[in-house]
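# Fold and contact review
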Amino acid sequence: MKTIITLLFAAVTSAAFSSKYEEIMKSNIDKMYQTTSSDELQSLANQFERIGNAEAGKWLPGYYAAYCFVRSTFFDDMEKDAKTAQLDKAQELIDGLLKNHSNESELYALQALLYQLRITDTASGARYSGKAGEAIAVAEKLNPENPRVYYLRGSNTFHTPGFFGGGAEKAKPDLEKAAAMFASQKPVDPLMPTWGADHNQQLLNDCKTAE
Amino acid sequence: MKTITTLFIFLIPYAAFSQSTISGKVVDKGGKAIPGVNIFLENTYDGASSDDEGRFSFNTSESGSQNLQATFIGFKTWSETIGLPNNLEFEIVLLESVNTIDAVTITAGSFTAEDEGRASVMKPLDVYTTPSAVGDVMGAIRTMPGTQASPDDGRLLVRGGDVYETSTYIDGLVAAKPYYSKTPDVATRGRFSPSLFSGVRFNTGGYSAEYGQALSSVLILNSTDVAEQDNTGISLMSLGGEINRTQSWTNSSLMLSGGFYDFKLYDKIFNSSINWVKPVNSVNGTAVYRLKPRQSGLFKAYVTTDYSDLSYNIPTGNDGTDILLSNKGTTVYSNFSYRDCLGEKTCYRVGVSSTFQDNQTGLGADDINTREWNIETRFAVVHDISEGVKLTWGGNETSRSYRQNYRSTNGPNYLGEFNDHLGGVFVESEIKFSKNLAIRPGLRSEYSPVIDGWNLAPRFAIALKTGEEAQLSAAWGMYHQTPQADYLKLTTNLNFEKAMHYILGYQFGNVSERLFRAEAYYKNYDGLVTYSSGENGLPENLENNGNGYAGGLDVFWRDQKSVRGLDYWITYSYIDTKRKYKYYPEQATPEFISNHTLSFVGKYWLSKISTQVGVSYTVASGRPYNDPNSTVFNGEQTKAYSDLSLNFSHVFYIGSQYSVLYCSVNNLLGNDNILSYRPTEIADAQGNYAQVPVKRDLKRMVFVGLFLNF
């Protein structure tokens, strides 16, 4: 009897915590996609990190914290050093997560995006687009249904200069595939990542202008 | 009752709803507010981010002893244990982390070419795109300040030092024969293909205690990691061909390559100043293997071998007689290294490199066979002691075996040999007191059994950041080198040659935009080997009797920003040096020294035709030479030297991989001045000594290459 009640309460307790987790995560994720302020993203990254510290076994809080740092480099005309610092911080989080969650396709997709953002000139382009390509390949192997795989690959190809085998024409098939998947897939888990669709569409439009 | 107790316990978290407010302000050491700091109770959701004024406030229902933390990029984590429930207010002072990206780096005496790293002044790609380099690592390095133009030599001559005073390391292991064999009047070039390296660090002085056996300079080449793509490359060049294949797997890769060079065509087309019998030809083969057994570990293996053969007639004096000089030899270099980490705080590197060379030189009727083995075993351990404090220690054992057999048809035969097992240990610490101040004290000690000599070499470097992108650096150190094999084969009754370096430098900007560097140095030499010429031409009376000094100023300016698509650098070196060594009767400026050297390298990318155009221009003041008929040693001076080189690289692709069509013209203007005079040993009937003028072997050189990748 005692055991049953204990178990029951334990279940209730964790369920209560779990819903608190989902609730806070969901609200932060929504805020994250809406904001274009790097200050706010910094504060959201902080929140995700706090959740990640408290929820030891989960990878999504750390993932979003890393994504906030990555995303913060899109806005506010960030300086090169500041950008590098944000990306380094995100990389540190990803490295930590990959130790225990090396089978998550999304972590490799985020890794690929991070590598792409490190590209500043031809030399770093050759280096990091190669690394991004590798991460994309792993993400695809782990989950071929992940639309970000094709979006990121398309974006990699799109930004690679023609004489290195890139360009709009070569990028198009991947971007189109990603667009179809973004449109048809409805997330089962509301906490799972959804980013990439808008930029993918923008790249597709650029492809059409290039034709 | 028991059940009730259990119930009660489980209800506690819900019952204890007493709220606490934690608030305050986060500032840096100077009292300036830091926004965006994460302040939170460890292992809970409760926390806040600081606002623009550094203020924060949050509520928590936690109780008992909790750990309050404040974290932010670029700062050390702050933490304090607090008791809850309780309303608390804090003024948190965050200390800057010394490991931030914009922290000071020790740069005195060092020029780095890396893809990343703020101390970089070049990118690895620059080796290919510098016209005067013609694909030679050493050639590209010769556009850096502190080096001599040395077009008649081809090797690195750094800050007044002779060729032997520069040591080359690959992945931390010595490469005893970094150049093809040097013969009189013909320039040589580096043995190692630049495509194997992802980073180059050229130290012109004041370098780390990890390296010994170099009086003037250390060139550190870091090879590439695991290859990421399968690739087949074919190079068709106007002086040879090469084919290579790279196969990559998940955590490993293998590259095999083979090639040949033949200068016969050049001798026919261009009028060589050398009277070739057999122009340089060589074959080579290389294997590179990489294995990454785990995230932090990397095994590298590199084996390369080459055979080369050449012969030509050299003038011996002004009586018109020539003698035939021939050189052929096999060299095998191998380098095996492994690096890994033991936990987060300790990493290590171990490795062994070996060089074997069997060289056959013919000098008229004389025949000289030289066989050398050089095997080095090395390890280093790096500890992260605490934030900003790093300790490196390690050791090396370098075995050398040398045997030279000199057979003369009309003179005595002679055998010179020696063995050495040099042992070295070092300890060095890098301490960052703040992100603006770092020091690197180190100590090295070596024992060389062949000369029964022992040395102790303290080194010290300091860097001080004086502004956002400006820093001052200084270095001091003692450097030792065992005398050269050419002396040790005659006598082992010698001691270390010694040099003391003093360096003071200033740097402003960053390489991806605009970078300025200026460095002043002074070096003191002592114990240099001196000798007098013996009857049979061999040195006699070898002693550590020489000494000398070198002082100068090196300036470097690189700009990739001012003009879109244009990347250029300008270097200027001034040097004043005199030394007494070798056969010098007194202190004199050596014949390889130009007091002033100015060099310009510019590259412009024409995106419309996918072609890069490169220009390099070097001008160096005249060099001293000795007129044996004069009373002043090395008292004469040649005319100034200049070279204008151009190159074009057109990039195109086959499938997804790029290929390059490359063309370069060296010495476009066809300057044909005398670079130096080589003294002859025999006086003519009138008692006068003749001098043989040394020029470039090719007045103007055109190189065409097609480098295909698929």
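Residues numbered from 1 in each chain as written. Chains lettered and ligands numbered in written order. Predicted model: local features only at pLDDT ≥ 70, side-chain atom pairs only at ≥ 80, totals over all residues.

### Details of the overall build of chain A
- When helices and strands are tallied, chain A shows nine helices and zero strands.
- Mapped in sequence order, the helices and strands of chain A form the string α-α-α-α-α-α-α-α-α. (Helix = DSSP H or I, 4+ residues; strand = E, 2+ residues; numbered from the N terminus.)

### Let's talk about the overall build of chain B
- Across its full length, chain B carries five helices and 39 strands.
- A principal-axis box enclosing the C-alpha atoms of chain B has dimensions of 120 × 60 × 50 Å.
- Here chain B, with 710 residues, has 38% of them falling under the buried criterion. (Buried ≥ 20, exposed ≤ 12 C-beta atoms within 10 Å, placed from the backbone.)

### Quick word on the confidence of the model for chain A
- For chain A, per-residue confidence averages 84 on the pLDDT scale, and residues scoring 70 or more make up 88% of the total.
- Across residues 7-16 of chain A, where pLDDT falls below 50, the model places two contacts with residues more than four positions away in sequence or in other chains. (pLDDT = per-residue confidence, 0-100. Contact = placed C-beta atoms within 7 Å.)

### Concerning the sheet that holds strand S4 (residues 55-60) of chain B
Residue and element names in this part refer to chain B.
- Pairing is mixed in the open sheet, where three strands are placed in the order S4-S1-S7. Strand pairing shows two members of the sheet lacking a second neighbour, S4 and strand S7 (88-93), which therefore form its edges. Put simply, the sheet's adjacent strands are angled 20° from each other on average, direction ignored.
- Of the pairings in the sheet, the one linking strand S1 (residues 20-27) to S7 comprises six bridges and is parallel in character. Its bridge partner being in S7, Val-27 is matched across the sheet by Val-93. (Pairing = 2+ DSSP bridges. Axes fitted to C-alpha atoms, helices over the stretch in contact; angles between N-to-C directions.)

### A look at the environment of Asn86(B)
Residue and element names in this part refer to chain B.
- By the element assignment, Asn-86 lies in the loop between strand S6 (78-84) and S7.
- According to the C-beta neighbour criterion, Asn-86 is exposed, with 12 such atoms within 10 Å.
- Through-space distance from the C-alpha of Asn-86 to that of Asp-51 is 23 Å; in sequence the pair is 35 residues apart.

### Let's talk about the environment of Asn100(A)
- With respect to the element layout, Asn100(A) can be found in helix H4 (residues 80-100).
- A sequence separation of 32 residues divides Asn100(A) from Cys68(A), and the C-alpha atoms of the two residues are 21 Å apart.

### Overview of the domain arrangement of chain B
- By domain assignment, chain B separates into domain 1 (17-93) and domain 2 (110-709).
- The C-alpha-based centres of domain 1 of chain B and domain 2 of chain B are spaced at 55 Å. (Domains from an automatic or database assignment.)

### What about the packing of helix H5 (residues 105-117) of chain A against helix H7 (residues 147-159) of chain A?
All names here are of chain A.
- Where H5 meets H7, the closest approach of the two axes is 10 Å, and the angle between their N-to-C directions is 20°. One element, H5, and the other, H7, form an angle in the roughly parallel class. Every pair of crossing elements has a handedness; the one defined by H5 and H7 is left-handed. On H7, the residues that touch Ala-109, Ala-112, Leu-113 and Gln-116 of H5 are Arg-148, Val-149, Leu-152, Ser-155 and Asn-156.
- Class assignment of the residues belonging to the contact of H5 with H7 gives a composition of five nonpolar, three polar and one charged. (Parallel < 35°, antiparallel > 145°, perpendicular 65-115°, else oblique. Left-handed = near helix turned anticlockwise from the far one by under 90°. Nonpolar A, V, L, I, M, F, W, Y, C, P; charged D, E, K, R; others polar.)

### Considerations on the domain arrangement of chain A
Residue and element names in this part refer to chain A.
- Domain assignment breaks chain A into domain 1 (20-102) and domain 2 (107-211).
- The gap between the C-alpha centroids of domain 1 and domain 2 is 20 Å.
- Taken together, the 18 residues of domain 1 in the interface contact nine residues of domain 2.
- Of all the secondary-structure elements, those providing two or more residues to the side of domain 1 that touches domain 2 are helix H1 (2-34), helix H3 (60-72) and H4.
- Residue contributions to the side of domain 1 that touches domain 2 peak at six residues, all from H4.
- For the side of domain 1 that touches domain 2, the class distribution of residues is 13 nonpolar, three polar and two charged.

### Overview of the nonpolar core
Residues and elements named next belong to chain B.
- Formed by 48 residues in total, the largest nonpolar core has its most connected members in Val-137, Ile-141, Tyr-169, Val-218, Leu-219 and Leu-221.
- Looking at this core, the elements with two or more residues in it are helix H3 (137-141), strand S10 (166-170), strand S11 (173-175), strand S12 (197-203), strand S13 (217-223), helix H5 (485-488) and strand S28 (514-533).
- Sequence-distant contacts of Leu-219, that is, excluding residues within four places in its chain, are made with Ile-141, Leu-156, Thr-166, Thr-168 and Phe-202. (Core = buried A, V, L, I, M, F, W, Y, C linked by C-beta atoms within 7 Å.)

### A closer look at the packing of H7(A) against helix H8 (residues 168-184) of chain A
Residues and elements named next belong to chain A.
- Their axes nearest at 8 Å, the elements H7 and H8 cross at an angle of 160°. Compared by their axis directions, H7 and H8 come out roughly antiparallel. Note that H7 runs across H8; the crossing there is left-handed. Of the residues in H8, those touching H7 at Pro-147, Tyr-150, Tyr-151, Arg-153, Gly-154, Thr-157 and Phe-158 are Ala-168, Lys-170, Ala-171, Asp-174, Leu-175, Lys-177, Ala-178, Met-181 and Phe-182.

### Here we look at H8(A)
- If you check H8(A), its first and last C-alpha atoms are 24 Å apart, about what 17 residues at 1.5 Å a residue would give, namely 24 Å.
- Buried within H8(A) we find Ala168(A), Ala171(A), Asp174(A), Leu175(A) and Ala178(A). (Expected span 1.5 Å × (residues − 1).)

### A short note on the pairing of strand S22 (residues 389-407) of chain B
All names here are of chain B.
- Where strand S21 (residues 366-386) meets S22, 19 bridges bridge the pair, whose relative direction is antiparallel. Bridge pairing in S22 links Asn-369 to Asn-405.
- Between S21 and the antiparallel strand that follows it, S22, lie two residues; Gly-388 among them carries a positive phi value of about 85°.
- As paired strands, S22 and strand S23 (residues 414-434) are joined by 18 bridges and run antiparallel to one another.

### Section: the pairing of strand S17 (residues 275-291) of chain B
Residue and element names in this part refer to chain B.
- Strand direction decides the pairing type here: strand S16 (residues 252-262) and S17, joined by 11 bridges, are antiparallel. Bridged to Leu-254 within S17 is Tyr-289.
- Here S17 runs beside strand S18 (residues 298-315); their pairing, made up of 14 bridges, is antiparallel. Each residue of the ladder has a partner; that of Leu-291, found in S18, is Phe-299.
- From the end of S17 to the start of S18, which pair antiparallel, there are six residues.

### Remarks on H4(A)
- Helix length check: H4(A), at 21 residues, gives a terminal C-alpha distance of 31 Å against a target of 30 Å (1.5 Å per residue), a fit within 8%.
- In the core, the buried residues of H4(A) are packed alongside H3 and H5 of chain A.

### With respect to the environment of Phe111(B)
- By the element assignment, Phe111(B) lies in strand S8 (residues 110-113).
- Separated by 562 residues in sequence, Phe111(B) and Asn673(B) have C-alpha atoms that sit 31 Å apart.

### Quick word on the confidence of the model for chain B
Residues and elements named next belong to chain B.
- Summary statistics for chain B give a mean pLDDT of 87 and a share of 92% for residues scoring 70 or more.
- Averaged pLDDT values over the elements of chain B bottom out at 47 in helix H1 (residues 2-15) and peak at 95 in strand S24 (residues 437-448).
- Across residues 5-16 the pLDDT falls below 50, and counting only partners more than four positions away or on other chains, this stretch makes eight contacts in the model.
- Reported for the predicted complex are a pTM of 0.80 and an ipTM of 0.77.

### Structural notes on unusual backbone geometry
Residue and element names in this part refer to chain B.
- With an omega dihedral of -5°, the bond running from Leu-84 to Pro-85 counts as a cis peptide bond.
- Within the secondary structure, Pro-85 is located in the loop between S6 and S7.
- With a phi close to 30°, Ser-150 is a non-glycine residue in the positive phi region.
- Topologically, Ser-150 is positioned in the loop between H3 and S10.
- Residue Ser-150 is classed as buried on the basis of its C-beta count, with 23 C-beta atoms lying within 10 Å.

### Structural notes on the sheet that holds strand S2 (residues 38-41) of chain B
Residues and elements named next belong to chain B.
- The strand order across the open sheet built from four strands is S3-S2-S5-S6, with neighbouring strands paired in antiparallel fashion. Two strands lie at the open edges of the sheet, namely strand S3 (47-49) and S6, each paired on one side alone. For this sheet the average axis-to-axis angle between neighbouring strands, irrespective of direction, equals 15°.
- The sheet contact formed by S2 and strand S5 (residues 64-71) spans four bridges and is antiparallel. Of the residues in S5, the one forming a bridge with Phe-40 is Gln-69.

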